[in-house]
Amino acid sequence: MLSVSPSPNEVAPPPPPAPITSTGTGIANLPNQRHKIVAKNGANFTVMVCGESGVGKTTFVNTLFTSTIKEPKILAKRHMTKNPPKTVQIQITKAELEEKMFKVKLTIIDTPGFGDYVNNRYASIPIVDFLDDQHEKYMRQEQQPCRKGAVDMRVHACLYFIKPTGHTLTPLDIEVMKRLGSRVNLIPVIAKADTLTPANLAKFKQNIRDVIQAQNIQVYSCPIESDDETTSRRNINIMNAMPFAVIGSTQDVLTADGRKVKGREYSWGVAEVENDEHCDFKKLRSLLIRTHMLDLITTTEENHYENYRQTQMETRKFGDPRTQPNENAKFKEEEDALRKRFTEQVKNEESRFRMWEQRLLSERDRLHSELEQQGRRVTELQHEIDSFYYQRDTVKSIRK
Ligand SMILES: Nc1nc2c(ncn2[C@@H]2O[C@H](COP(=O)(O)OP(=O)(O)OP(=O)(O)O)[C@@H](O)[C@H]2O)c(=O)[nH]1
Ligand SMILES: [Mg+2]
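Residues numbered from 1 in each chain as written. Chains lettered and ligands numbered in written order. Predicted model: local features only at pLDDT ≥ 70, side-chain atom pairs only at ≥ 80, totals over all residues. Heavy atoms only, no water.

**Thoughts on the site of ligand 1**
Spelled out, the test is: We call a residue near a molecule or strand when any one of its heavy atoms sits within 4 Å of it. Whenever two N or O atoms come within 3.5 Å, that pair is a polar contact, provided that in protein one can donate a hydrogen and the other can accept it, and provided that, for residues adjacent in sequence, both atoms are side-chain atoms. Reported accessibility uses the Shrake-Rupley method at a 1.4 Å probe radius. Residues are deemed covered only where the shown protein chains occlude them. Elements are defined by DSSP. Helices are runs of H or I of four residues or more, strands are runs of E of two residues or more, and each kind is numbered from the N terminus. Note on residue classes: Ala, Val, Leu, Ile, Met, Phe, Trp, Tyr, Cys and Pro are nonpolar, Asp, Glu, Lys and Arg are charged, and everything else, Gly too, is polar.
The full set close to ligand 1 counts 20 residues, and Lys57, Thr59, Asn83, Thr87 and Asp194 are the nearest of them. Take Gly54: an N or O atom from its main chain is 2.9 Å from an oxygen atom of ligand 1. Between Gly56 and ligand 1, the recorded distance is 3.0 Å, taken from a backbone N or O atom to an oxygen atom. Protein chains shield 88% of the accessible area of ligand 1, which is 650 Å² for the free molecule. Counting residues per element, the ones that place at least two in the shell around ligand 1 are helix H2 (57–68) and strand S10 (260–266). When residues of the shell around ligand 1 are assigned to their parent elements, the largest contribution, three residues, is made by H2. Looking at the shell around ligand 1, its residues break down into four nonpolar, 10 polar and six charged.

Next comes the structure, spelled out in structure tokens:
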């Protein structure tokens, strides 16, 4: 069995992965200096997908598996259908890629989409918690006397799926991406590229790049410099494609020229997953499991994990010694979030009371004027009664 669905906060260790042979994605091409280490130990590589609900995260994961691994039947546990069901909890799928002498234990973490609610401010909390928890678990294991068999689920690449609106990043995208970018190698991805025209896609990409820069969002940037000119050119090519536009599909369709490809069929033709003219799926897949896997692993270890570790050490040094270091930082974040929420709620209540007060005052004024009117009416009636008695008495006295 390859997939497990533990709760977001409690990730149960998944069962051992079944070995699968890759379709030749070139793990053997990992840079030489790291070659031996990887060959000896094998690499643990973890990718996470996240983004708004329904943008195609699960379909992308399935596409990645079916296009990368020769025996998708082993992954039958996943919903490989055209329209996968809504992901409701963090889902972990493990597979083992093997090429020549190299083994890569690939873990893909699919997350539930957010953006369904009016207030999505806290939408990314489970994902951020998951990322921090993996660093924390690893750090605690590292501090143990025996570190053999340590479970390492630190996320090496987090693909953030952007809705293909054709405009720009939403405030929610910006907020979530900022939080993710400071913790993990963040790779922005434009979902459902087949729904945009090439011109709109190019414009959309540029808008996203501009916002990323203006908002100072930390995204993964691969090293461009290399002794080898071809590698440098390839890296520049990859960087220019960011944010990667992808098409997801596990369906085999027939093109006009008779090729059977993974793609999406339209009346005007086929949008092909693995066609560089149609989308950047191949570039992204190559970056992940071929050309930059090692860089993603190294930067996670050296930058993101190290940042986390240092922050925790600082907190431990200056924080309350009775409190666990991670908890200190987490409590601080939670406290800030709670304080913000509390202030907001107080403000909301205040404005509710003010409106209520306003309503009561205008009701009071209305009743006052009604009372005055009624008073005037009473006086009028009293006059009428007086004049009635007066007339009756006059008539009586005349009769007498
Ligand atoms: N046109 C188009 N549709 C896509 C693409 N990828 C996925 N879809 C469709 O979008 C719908 C949602 O896809 P999912 O993969 O379930 O989306 P998700 O992001 O996992 O959704 P949640 O699990 O709810 O967060 C399905 O009907 C897919 O067939 C794509 O590249 N192009
Ligand atoms: Mg899903």
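Next comes the rest of the description.
**Details of the packing of aromatic side chains**
Our working definition: Between rings of Phe, Tyr and Trp, where Trp is taken as its six-membered ring, a pair exists when centres lie within 6.5 Å; planes separated by under 30 degrees are stacked, by over 60 edge-to-face, and by other angles tilted. For every residue, the accessible area (1.4 Å probe, protein chains only) is compared with the maximum for its type, and the residue is labelled buried under 20%, exposed over 50%, or partly exposed between those bounds. By definition, being over a ring means that NZ of Lys or CZ of Arg is both within 6 Å of the ring centre and within 35 degrees of the ring normal.
Under the criterion given, the structure shown has seven aromatic pairs. Measuring from ring centre to ring centre gives 4.8 Å for Tyr266 and Trp268, while their planes differ by 10°; the resulting arrangement is stacked. Judged by relative accessible area, Trp268 falls into the exposed class, the value being 59%. Every member of this aromatic cluster is reached through a ring pair, and the members are Phe60, Phe161 and Phe281. The ring centre of Tyr305 lies 4.7 Å from the NZ or CZ of Arg154, which sits over that ring. Over the ring of Phe353 we find Arg352, and its NZ or CZ is 5.8 Å from the ring centre.

**Overview of the sheet that holds S10**
The condition that has to hold: Only when DSSP finds a minimum of two bridges between them are two strands counted as paired. Axis definition: a line fitted to C-alpha atoms, limited for helices to the stretch in contact. Angles are taken between N-to-C directions and run from 0 to 180 degrees.
Overall, antiparallel pairing links the three strands, which are arranged S9-S10-S11 in an open sheet. The open sheet has two free edges, formed respectively by strand S9 (252–254) and strand S11 (269–272), since each of these has just one partner strand. Here the average twist between neighbouring strands, direction ignored, is 65°. Here four bridges tie S10 to S11, and the two strands are oriented antiparallel to one another. When the bridges of S11 are listed, Glu265 appears paired with Val270.

**Here we look at unusual backbone geometry**
Each neighbour pair has its own omega, and for Met242 with Pro243 the value is -5°, a cis peptide bond. Within the secondary structure layout, Pro243 lies in the loop between helix H6 (229–241) and strand S8 (244–245).

**A closer look at the nonpolar core**
As a reminder of what qualifies: Buried Ala, Val, Leu, Ile, Met, Phe, Trp, Tyr and Cys residues form a nonpolar core when they are joined through side-chain atoms within 4.5 Å. Should any heavy atoms of two residues lie within 4.5 Å, those residues are counted as being in contact.
Phe45, Leu159, Leu180, Ile187, Leu284 and Leu288 are the most contacted members of the largest nonpolar core, which totals 74 residues. Leaving out residues up to four positions away in the same chain, Ile187 has contacts with Ala157, Cys158, Leu159, Tyr160, Tyr220, Phe244, Leu284, Leu287, Leu288 and Leu296.

**Structural notes on the side chain of Asn235**
Locating Asn235 in the fold gives a position in helix H6. Taking the relative accessible area as the measure of exposure, Asn235 reaches 4% and is therefore buried. Polar contacts involving the side chain of Asn235 include one to the side chain of His292, which spans 3.3 Å. In this view, Asn235 contacts Cys222, Pro223, Ile224 and His292; residues no more than four positions away in its chain are not counted.

**Re the coordination of the magnesium ion (ligand 2)**
Using the following cut-off: Listed donor atoms are N, O and S within 2.8 Å of the metal (Na, K and Ca: 3.2 Å). As water is not included, a site may look incomplete.
Taken together, the protein ligands of the magnesium ion (ligand 2) are Thr58 (OG1) and Thr87 (OG1), with distances of 1.9 to 2.0 Å. Taken as a pair, Thr58 in helix H2 and Thr87 in the loop between H2 and strand S4 (91–99) lie far apart in primary sequence, 29 residues in all. Of the two residues, Thr58 and Thr87, neither departs from the other in class, the shared state being buried.

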